[in-house]
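Next come the chains, spelled out residue by residue.
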Amino acid sequence: MQAVIDPPTVELRAGLVDALTSAAARPSYRGGYWSFFTAGMLFDLAGYRADLFIDKRVIDLGCGATRPLTTSILFYLLGAESTLALDLEQPTDIGALAVSEYANILAILSGLAPVDWLRAQPDARVCRRKAADFDLAGLLAGDLYSSIPSPVSHKVGRYQDLSEEDRQFGLMISNSVFEHVNDVESLMACARKSIAVNGYVYTSVDFRDHRAYSQSLSPWQYLVDGGDHEPGYINKLRFSAMRSIFERTGFSVVACRTKRETPPEAISNALLPIYRSLTDTDLRTMEAAFLLRPT
Ligand SMILES: C[S@@+](CC[C@H](N)C(=O)[O-])C[C@H]1O[C@@H](n2cnc3c(N)ncnc32)[C@H](O)[C@@H]1O
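Residues numbered from 1 in each chain as written. Predicted model: local features only at pLDDT ≥ 70, side-chain atom pairs only at ≥ 80, totals over all residues.

Q: Please give an account of the overall build of the chain that cites residues and values.
A: Secondary structure assignment for the chain yields 14 helices and seven strands. Its C-alpha radius of gyration of 21 Å places the chain within 12% of the 19 Å reference for a compact globule of 295 residues. In terms of overall dimensions, the chain has a C-alpha envelope of 70 × 40 × 35 Å along the principal axes. (Helix = DSSP H or I, 4+ residues; strand = E, 2+ residues; numbered from the N terminus. Rg over C-alpha atoms; globule rule 2.2 N^0.38 Å.)

Q: Account for the site of the ligand, with residues named and values stated.
A: What surrounds the ligand is a group of 18 residues, the closest being Gly-62, Gly-64, Leu-88, Tyr-159 and Asn-175. Of the residues contributing to the shell around the ligand, the split by class is 10 nonpolar, five polar and three charged. (Near = placed C-beta within 6 Å. Nonpolar A, V, L, I, M, F, W, Y, C, P; charged D, E, K, R; others polar.)

Q: Please give an account of helix α4 (residues 94–109) that cites residues and values.
A: Its 16 residues place the ends of α4 23 Å apart at the C-alpha level, agreeing with the 22 Å of an ideal helix rising 1.5 Å per residue. All of the buried residues in α4 are Leu-97, Ala-98, Ser-100, Glu-101, Tyr-102, Ala-103, Asn-104, Ile-105, Leu-106, Ala-107 and Ile-108. Along its buried surface, α4 packs onto α1 (7–25), α3 (70–78), α6 (124–131) and α7 (136–140). Looking one or two residues past α4, Gly-111 carries a phi angle of roughly 75 degrees, positive in sign. (Expected span 1.5 Å × (residues − 1). Buried ≥ 20, exposed ≤ 12 C-beta atoms within 10 Å, placed from the backbone. Contact = placed C-beta atoms within 7 Å.)

Q: Run through the pairing of strand β5 (residues 195–206), naming residues and quoting values.
A: Taking burial as the measure, the 12 residues of β5 include nine buried ones, the bulk of the element. As paired elements, strand β4 (residues 169–175) and β5 share six bridges and run parallel to each other. Considered in β5, the bridge of Ser-174 is made with Thr-203. At this point the chain moves from β4, through helix α9 (residues 184–194), to the parallel β5, and the crossover so formed is right-handed. Pairing of β5 with strand β7 (residues 285–294), which is carried by six bridges, proceeds in the antiparallel orientation. When the bridges of β7 are listed, Val-205 appears paired with Ala-288. (Pairing = 2+ DSSP bridges. Right-handed = clockwise from strand over helix to strand, strands pointing away.)

Q: Could you give an account of the nonpolar core, naming the residues involved and the relevant values?
A: Within the largest apolar cluster, 66 residues are counted, with the highest numbers of intra-cluster contacts made by Ala-24, Val-58, Ala-107, Leu-171, Met-172 and Val-201. Apart from residues no more than four positions distant in its own chain, Val-201 is found in contact with Met-172, Ala-191, Ile-195, Phe-251 and Leu-292. (Core = buried A, V, L, I, M, F, W, Y, C linked by C-beta atoms within 7 Å.)

Q: I'd like to hear about the packing of helix α2 (residues 33–46) against α3, residue by residue, with values.
A: In contact at an axis separation of 9 Å, α2 and α3 are set at 55 degrees when each is read in the N-to-C sense. Comparing the axis directions of α2 and α3 gives the class oblique. In the crossing of α2 with α3, the sense of the turn from one axis to the other is right-handed. Along the contact surface, α2 presents Ser-35, Thr-38 and Ala-39, while α3 presents Thr-70, Thr-71 and Leu-74. (Axes fitted to C-alpha atoms, helices over the stretch in contact; angles between N-to-C directions. Parallel < 35°, antiparallel > 145°, perpendicular 65-115°, else oblique. Left-handed = near helix turned anticlockwise from the far one by under 90°.)

Q: Provide a residue-level description of the packing of α3 against α6, including the pertinent values.
A: The geometry of α3 relative to α6 is characterised by a closest axis approach of 7 Å and an angle of 125 degrees between their N-to-C directions. With respect to each other, α3 and α6 are oriented oblique. From α3, Tyr-76, Leu-77 and Leu-78 reach across to α6, where they touch Cys-127, Lys-130 and Ala-131. Tallied by class, residues from the contact of α3 with α6 come to five nonpolar, no polar and one charged.

Q: Requested: an account of unusual backbone geometry, with residues and values cited.
A: Phi at Asp-93 takes a positive value of approximately 55 degrees, unusual for a residue other than glycine. You can see Asp-93 is positioned in the loop between β2 (82–87) and α4. In this structure Asp-93 comes out as partly exposed when scored by C-beta crowding, with 16 C-beta atoms within 10 Å. One non-glycine residue, Lys-236, lies in the positive phi region at around 65 degrees. Here Lys-236 lies in the loop between α11 (221–225) and α12 (239–248).

Q: Describe the sheet that holds strand β6 (residues 251–260), with residues and values.
A: Sheet architecture is open: seven strands sit in the order β3-β2-β1-β4-β5-β7-β6, paired in mixed fashion. Edge positions in the open sheet fall to β3 (152–156) and β6, since each of these has one partner strand only. Strand after strand, the sheet turns through a mean of 15 degrees between neighbouring axes, direction not considered. Sheet topology note: the β6/β7 ladder contains nine bridges and is antiparallel. Looking across to β7, one finds that Ala-255 is bridged to Leu-291. Relative to the sheet, α9 contacts β4, β5, β6 and β7, its axis offset from that of β5 by approximately 150 degrees. Where α12 meets the sheet, it contacts β5, β6 and β7, and its direction lies at approximately 165 degrees from that of β6.

Structure below.
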């Protein structure tokens, strides 16, 4: 028999679903969207691997300041044993982040978060049990840190400066970070020492000149004028240099997916001398997602 729901309750339900889907699907700084997108990319690249994160420690390296815990909380709910969200920057707007995480958690539990659940193969009972570790009323009241369970942690600092115990991980997720790190080789050498033997690193790297976002300049602009959003904002490593660093520091590339575009002729004809010998691949690769394992 179909349950009868009176009209005011139907209205209430529509409002709740709207609020949860907009929190989960909104590509704003607080919405869960980019974390769910990152998880989707990872599952897409990795396929189903039971050993990817279940019962493992997950590090979100360079989690950012504007939604630092969303990826960590998602992976905790999906079955990670513990998580560490790490960034150089202090989070912004802690009360608002707490309320957003409340909405993100409910959106995940209600199946309203846009994640490729088939690939993640979540166990709904595990998700619900882990959600019970959060003080949801506390999150809704804007109280972030005392409302999250101790296995979900957040730190401000540099990865290389973490204690050895904090640095241990079975899965490192690092989204749009490595193009901003000025010493990728030392960071990866450090990660190689701390990764579990059966661990993975998932990273997506954006090779565009980031002035493309703030000033509508070409994504190849620095190849012709040597500039940057601000000096040192990106490290200007291209695809093959980044990949070589991963391999040199003891990782093998299990899977890699790239997004390529062809620069306009005006750019190709005006490359600075140091960029004229770039391979076609390095010139055209705008983004790459890598799944790495220790060799
Ligand atoms: C473009 S943001 C990406 C934020 C987030 N992952 C996202 O997808 O929205 C890059 C972040 O990496 C952080 N970062 C760079 N080097 C780092 C390091 N060595 N250790 C920790 N965080 C780092 C920066 O502080 C910055 O917030």
